[in-house]
Amino acid sequence: MKALFAFFLCVYFLLSASEEHFPVYYKERLRAEDAYASLFTDEVFKIKSPLGKSPIGFLFDLEKNAHSFYAKSLLLTEQGELVSYDSLKTSSDPLHPPAFFLFQRLEESAKSERLYKKRAQALIESRLSTEQIALQLESEFPFWQRLKNASPLFKALPGKFSGEWFPLKALLLKVYDKEMRKLVPIGNFTLYKEASFLEIRKTYKQWKKGQKSDVAIATLLAENYKQLDGIYTSNLVPLPSPFQLTLESFYVKYPWIIWTAVLYLAAICFSALSKRASFCLFALAFCFHTLLLFARSYLLRRPPVSNMFETLLYVPWLASFIILLYREWRKKTYLITIAAFLSFCLLTLSQSPALNQNLEPTAPVLNSQFWLIVHVMLVVGSYGFFLLSSLAAHVYLAASNKTTLFSFVLHSLYIGTLLLIAGTILGGVWAAQSWGRFWDWDPKESWAFISSCFYLILVHAYKFGKIGTKGLSIGAIIGALLISFTWYGVNYLIGSGLHTYGFGTGGLSYYLLFLTLEGFFIFYAYLKK
Amino acid sequence: MKHLWKFLGSLYLAIFLIACAAIVVMAGTFIESQTGSHLAAEKVTYNHPFFMVLLAGFFVNILVSALHRWPFKKKHFPFLLTHLGLLLLISGVFLKNLFGIQGQMLLWEGSGSSRLFIPHSFAIQVKKKHEDLQGQIPLSSFDPRLHFCKELPEISCRLVGYCHDVKSQLLCWSDDRQLTLFGIPPLTFLKWEPQEPLPKGIFSRPCPFYPDSHIYALETDKPEALIQALFLEETALLLFHSSTGEKRVIPIREALESGISYKEASWQIKLNTSFTPYSLIIENEQGGVCYPLSGSHALLIDDSSSFFPFEIDIKRPSGTLAFCKGEKELTLIGIDPYGRLYQATLPLEKPDSYIAYDSGFQGYGTSVCLPFPNFPCGRKEKEEAYKQHFIKEFEKAIFENQPMDPELYSFVKTCQKNGLNPSITLQKLLEEWKAQGRALYLGAIVSSPKEDFTPLLSYWKQKEPLKKDHFLKELNLEAPLRIVLKEKAEENTLENQTPGIAVLFEKGEKRELLHLAYDPYGMEIKWPLFNDYLVSFTALQRMIPHHLRLREARQICYPDSSTPERFESDLLIKNFSNEESFITLSMNEVHETTDDYRFYLSGITSSKNGDINHIRLAVNKDPFKYYLTYPGGLFVSIGAFMLLFRRQKKDPQ
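Bear in mind the structure is a predicted one, so any value in this text is a computation, not a measurement.

Reading the values: the criteria
- Residues numbered from 1 in each chain as written.
- Chains lettered and ligands numbered in written order.
- Predicted model: local features only at pLDDT ≥ 70, side-chain atom pairs only at ≥ 80, totals over all residues.
- Heavy atoms only, no water.
- Helix = DSSP H or I, 4+ residues; strand = E, 2+ residues; numbered from the N terminus.
- Buried < 20%, exposed > 50% of the residue type's maximum accessible area, 1.4 Å probe, protein only.
- Contact = heavy atoms within 4.5 Å.
- Areas by Shrake-Rupley, 256 points an atom, 1.4 Å probe, with all protein chains shown as cover.
- Core = buried A, V, L, I, M, F, W, Y, C linked by side-chain atoms within 4.5 Å.
- Expected span 1.5 Å × (residues − 1).
- Pairing = 2+ DSSP bridges.
- Axes fitted to C-alpha atoms, helices over the stretch in contact; angles between N-to-C directions.
- Patch = residues over 30% accessible without salt bridge, like charges linked within 9 Å, V, L, I, M, F, W, Y side chains within 5 Å.
- Salt bridge = Lys/Arg side-chain N within 4 Å of Asp/Glu carboxyl O.
- Lys, Arg positive; Asp, Glu negative; His and termini not counted.
- Charge placed at Lys NZ, Arg CZ, Asp CG, Glu CD.
- Polar contact = N/O pair within 3.5 Å; in protein donor to acceptor, adjacent residues only side chain to side chain.
- Nonpolar A, V, L, I, M, F, W, Y, C, P; charged D, E, K, R; others polar.
- Parallel < 35°, antiparallel > 145°, perpendicular 65-115°, else oblique.
- Left-handed = near helix turned anticlockwise from the far one by under 90°.
- Phe/Tyr/Trp six-rings, centres within 6.5 Å; stacked < 30°, edge-to-face > 60°.
- pLDDT = per-residue confidence, 0-100.

Is there a simple way to explain the overall build of chain B in this structure?
Helix and strand content of chain B: 13 helices and 32 strands. Classification of the 653 residues of chain B by burial places 50% in the buried group. Counting only contacts in chain B whose residues sit at least 6 apart along the sequence, the fraction spanning at least 24 positions is 58%. As presented, chain B carries roughly 33,200 Å² of accessible surface, and 56% of it is formed by carbon and sulfur atoms.

Here it is, written out as structure tokens:
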């Protein structure tokens, strides 16, 4: 316990001591700038470190002098070739990669600003009143549009009135001043104080000219960002705290899930050699796991159970947690190994490229913290128990006849059933709240019902002595297959109904292979005396 | 008896029932996945009587197995609690299905309703026109017996036909196959090629807007040819020589072919329908005059020169209204009995304006002015009207000393410029006019050069006297919202199918056959029946004691993105005692009234073309929820928890 506490304290200090970050609005969320950069480059360029730079360094360079990038080889085409923007611009290939569109937008916004200046100059020289010039310019180049379209990069400036975030490049805009009768640099359109805005604008210009470093502008933005607390009001895009930004950057920077999975794997490997080492590794893996799960829910402000990927993180965590929680079972290394195995498998699955691992806000229907916690965490939690129970049953049937192992199978099955039934009924109450009916045989509901039925039969049959330990163990395995279908099959194979948030396709052949193997195992266990 | 009692509460029965239910449900999900239709799965599984029997079996089994433990002891408590919970849960669901309400309501922005529709049910709604009398004939299945309407006992109906899916666009006012106009039965669009004769008999319908007129619905990509064909149909030219008094009637086809001859001279007649104003052109080697057929100057010749000695009138036995469907637009062509031609283009896809009556018609409407006045308005009548108006205007300016119109003023100026006395010239002008016995033409006054009176001409041109009120009759077209004409894939899923029925209505001696397409929420046009009633084929309808009006529905997106963050709708809700309150519904935020009605926002759809949103509200009334279903769920959870805990202590193997 102390070790655990020390671990998290260490992480916390490490985070607070690291450099400060500023937020950038991208894809419905405010993200730490380097988290934004790596997501952006990954999505747009499909390259982890473009031109040998870190994503944020690369994006800073792009922001600074986009035109010098046009001719460089950095667009990855569909065929996997690297070509330059200039060469693609003249080709007739309609299948341009997103990076091409990025450059196109950069070019267009620069062009539109040039046009604006030219037009303004022409109007100033004409015989029009200042009022007319201002109105004419506004009608041709609406200010709002100019702010918005100044650049597709770095939306890091909070707008004064709209809760919208504007690109850094908007700082360079010139606007027509009615009193001075000429173009002047843009005034404060942000939520920041006048002095801070002027400083940001100055620094940004200097930075563009190469007189200031990347760190200088980043620090300045981060410092100013702290002022926003209290004056920024937008419920749509909540303001992350500086600590959240640091945490996000930290979360995105390293492949935590892979590390965790590797640690679990190591725990499995060491179980044959040293029980103590195995336990230590498992505990460390669990720390990592906890950290990444909590970081995720802290960043997204909701429990981490709203899509397939998140449930794949949550279920093994819960399984490991259960194993660690009970002092009685912690000593049994095979249980640790079982939990490590489950966690390793599921975490590996979560790395499938078909799953969206990004930090995204939820679908409107899931927008209820309370019900997410109550319904989804209960139901998905029950999956953890069932899977553990099934794995333990495998070991029990194949290798050992220990009663402790069997009682673990039985009890996790009981708790799983309890959670599943309670969670499903509460799901009905939630459905009555958001869909307007308690129960309507939606596939997910149906399969929750089917699994509950199966476990009810199992529990009754065992309780009244109709089946023995072997029967119950085999039942636990079959039950887990039903659960796997409820979890994966409904979303990926049936693909209809109202639980659409976790839908996807693919993996059918692997799933069938898994079912076949389990079928063989059940057959083997059945024959075995 | 004892055996039966034992069997009913036995574990085997329980296991058998649970297994059966699980298998049925499993089959249901696979059927749903295969057909893509929840409804289809529901029909063969969850809503099947067999499944109901299973549930009832459950109920009996649980009850009896609990009674087996009689007399109850303390140790039975968790078991009893769990099973009592299950009983409550099942009975709650059953009672809700029997006595509760689960319905849907569809509201367009601006519209209000207190009608609830029970999904996947069928009924024929009959409404007496102009009266608030409304009845409903529920249809449980295709049942060809005679059905009576409780509220309107004089009406009865018999189902004579049924189809699973009519194309959902059947009810639009113009679609691939038929034309629908407010108040008359739909008309099939016929393909028409130039040179073909116009369809007769059942393919044209008497037009209710004007006596003796006909309506055609034709599909062609050459509207000009159609105008020509329609115009030539039964039209004759009436020629009148004003000085000799000679009269002639020539069918227009003949006139076009052989021309008109009088004494030595002969004239060619041409019909121009390729550009507006449509006109008859009368010409020979010396020149030509134009006899306009459309526009504000229709039927009035612009030139009174003695080039053509006849006055022309056009005579047709009746007016004609034709809807001509082209690729992108619908052209409405109207020809009145005097030969006046009118054309309007109605877009097929982009509607004009949106109309929502109180819980009645919701759709797009457009109004077109048609040259179908209720009184004679041939050339002569029109000229007379113009003349009256002209004189009146002059009198007003001169005798009543009213400020001169700019055009009149310029007339006076023109006279002065030419050295003429304005009042004398005016008198001359009027005399000339009277003598001519026809409309005031350009250059009617001999002494003045033509051009100088252009302002005068434009004066009455601009005024266009009596235009809307007297000459044109307004025709209102109202169409339900779906006007889009795109190729449609076959609908396979039960949910997306629109069933259709053919119903024979009877009222005393009268009989009328109607084909009705299913319109679950009663949003489409109602069909007239026996001239006194309106009918529609909807879901079973139920009135609730609340009236809801949708003010606004919105989808709130994240800035700079089209990803929705939440859906909201503002509603005004009026209860039975007429107290009005304002509520905002969103997903996960429901409204519950004091009498147990709950309203949920279950979906927002915005129509593609415009900004009119509609919302779907799920409405239910489930008074048993708080007494049976939820406590049942709670008992089951607590009971199961206690059962498991106790077992852990009691038998550690």
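Don't stop here, the text continues.
In this structure, what is going on with the nonpolar core? I would like to understand it.
Most often, soluble globular proteins have nonpolar side chains that are buried together. All names here are of chain A. Core analysis: the biggest nonpolar cluster contains 129 residues, and Phe282, Leu388 and Trp487 have the highest contact counts within it. With 16 residues, helix H17 (residues 369-398) is the single largest residue contributor to this core. Here Trp487 is in contact with Met308, Thr311, Leu312, Val315, Leu346, Tyr383, Leu387 and Lys444, once residues within four sequence places are set aside. Counting 62 residues, the second-largest nonpolar core is a separate cluster that includes Val24, Leu88, Phe154 and Leu220.

Where do I start with helix H14 (residues 308-325) of chain A in this structure?
Along an α-helix, a turn takes 3.6 residues, which lines up residues three or four apart on a common side. In a regular helix each residue adds 1.5 Å, so 18 residues correspond to 26 Å; H14 of chain A covers 25 Å between its end C-alpha atoms and thus fits that length. Counting buried positions over the 18 residues of H14 of chain A gives 16, a clear majority of the element.

Any chance you could explain the sheet that holds strand S11 (residues 236-241) of chain B here in plain terms?
Strand pairing in a sheet relies on backbone hydrogen bonds. The paired strands run either parallel or antiparallel. Residues and elements named next belong to chain B. Read across the open sheet, the three strands follow the order S12-S11-S17; overall the sheet is antiparallel. Whereas interior strands pair on both sides, the edge strands pair on one side only; in this sheet they are strand S12 (247-251) and strand S17 (310-315). The mean angle between the axes of side-by-side strands here comes to 25°, regardless of whether they run parallel or antiparallel. Pairing of S11 with S12 involves five bridges; the strand directions are antiparallel. Within S12, the position partnered with Leu237 by the bridge is Ile250.

Help me out: how do you make sense of a negative patch on the surface in this one?
Together, Glu193, Glu196, Asp221 and Glu327 of chain B give the surface a local cluster of negative charge. Look at Asp221 of chain B and you get exposed, because its relative accessible area is 61%.

Help me out: how do you make sense of the interface of chain A and chain B in this one?
It is common to report an interface's size as the accessible area lost on association of the parts. If you look at the interface, chain A gives 56 residues, while chain B gives 51 residues. At the boundary of chain A with chain B, the tally comes to zero salt bridges. Inspection of the chain A/chain B interface yields three residue pairs in polar contact (both at pLDDT 80 or more). Looking at the side of chain A that touches chain B, the elements with two or more residues in it are helix H18 (403-434), helix H19 (443-463) and helix H20 (469-494) of chain A. With 14 residues, H18 of chain A is the single largest residue contributor to the side of chain A that touches chain B. Looking at the side of chain A that touches chain B residue by residue, the class counts come to 35 nonpolar, 12 polar and nine charged.

Hey, could you run me through the environment of Glu329 of chain B in this one?
Here Glu329 of chain B is to be found in strand S19 (residues 329-335). Expressed as a C-alpha distance, the spacing of Glu329 of chain B and Thr345 of chain B, which sit 16 residues apart in the sequence, is 6.6 Å.

Sorry if this is basic, but what is going on with the sheet that holds strand S16 (residues 287-292) of chain B here?
Residues and elements named next belong to chain B. Taken in spatial order, the four strands of this open sheet run S13-S14-S15-S16, and their pairing is antiparallel. Among the strands making up the open sheet, the edge pair consists of strand S13 (260-262) and S16. Neighbour to neighbour, the strand axes of the sheet diverge by 25° on average, direction disregarded.

Would you mind showing me how to read the pairing of strand S25 (residues 510-517) of chain B here?
As a general feature of sheets, a regular strand has side chains that alternate between the two faces. Residues and elements named next belong to chain B. Direction of pairing for strand S24 (residues 500-507) relative to S25: antiparallel, over a ladder of eight bridges. Considered in S25, the bridge of Gly500 is made with Ala517. In textbook terms, the turn of a hairpin is the stretch between consecutive antiparallel strands, and for S24 and S25 this stretch comprises two residues, one of which, Gly508, has a positive phi near 60°.

In this structure, what is going on with unusual backbone geometry? I would like to understand it.
Comment: phi is negative for the bulk of residues other than glycine, and the bulk of peptide bonds are trans. The residue Arg301 of chain A is not glycine, and still its phi comes out positive at about 60°. Relative to the assigned elements, Arg301 of chain A resides in the loop between helix H13 (275-300) and H14.

I would appreciate a short explanation of the packing of helix H1 (residues 2-17) of chain A against H13 of chain A in the present structure.
Packed helix pairs are specified by the crossing angle of their axes together with the interaxial distance, meaning the distance between the axes. All names here are of chain A. Direction vectors running N to C along H1 and H13 enclose 45°, while the axes themselves pass 11 Å from each other. Between H1 and H13, the angle is such that the two are oblique. In the crossing of H1 with H13, the sense of the turn from one axis to the other is right-handed. When H1 is examined against H13, the residues Leu4, Phe7, Phe8 and Val11 are found in contact with a partner set consisting of Leu284, Cys287, Phe288, Thr290 and Leu291. Split by residue class, the contact of H1 with H13 holds eight nonpolar, one polar and no charged.

Honestly, the packing of aromatic side chains in this entry has me stumped. Any pointers?
Two numbers describe a pair of aromatic rings. These are the distance of the centres and the angle of the planes. Evaluation of the coordinates by the stated rule reveals 48 aromatic pairs over all chains. Taking the centre distance of 6.3 Å and the plane angle of 10° together, the rings of Trp371 of chain A and Trp430 of chain A count as stacked. Taken together, the residues span a long stretch of sequence, with Trp371 of chain A in helix H17 and Trp430 of chain A in helix H18 at a distance of 59 residues. Both rings, one in Phe117 of chain B and one in Tyr521 of chain B, keep their centres 6.2 Å apart while their planes meet at 90°; by these two values the pair is edge-to-face. Here Phe117 of chain B, found in strand S2 (residues 112-128), pairs with Tyr521 of chain B, found in the loop between S25 and strand S26 (527-529); they are 404 residues apart in sequence, far enough to count as distant.

Can you help me understand the confidence of the model for chain B in this one?
Caution is warranted with low-pLDDT regions, since their predicted coordinates should not be read in detail. Residues and elements named next belong to chain B. Averaged over every residue, the pLDDT of chain B is 74; the share at 70 or more is 72%. In this model residues 437-472 is a low-confidence stretch, pLDDT under 50, and it forms 75 contacts with partners more than four residues away in sequence or in other chains. When the criterion is pLDDT under 50, residues 648-653 qualifies, and its contacts beyond four places in sequence or with other chains add up to four contacts. Reported for the predicted complex are a pTM of 0.70 and an ipTM of 0.80.

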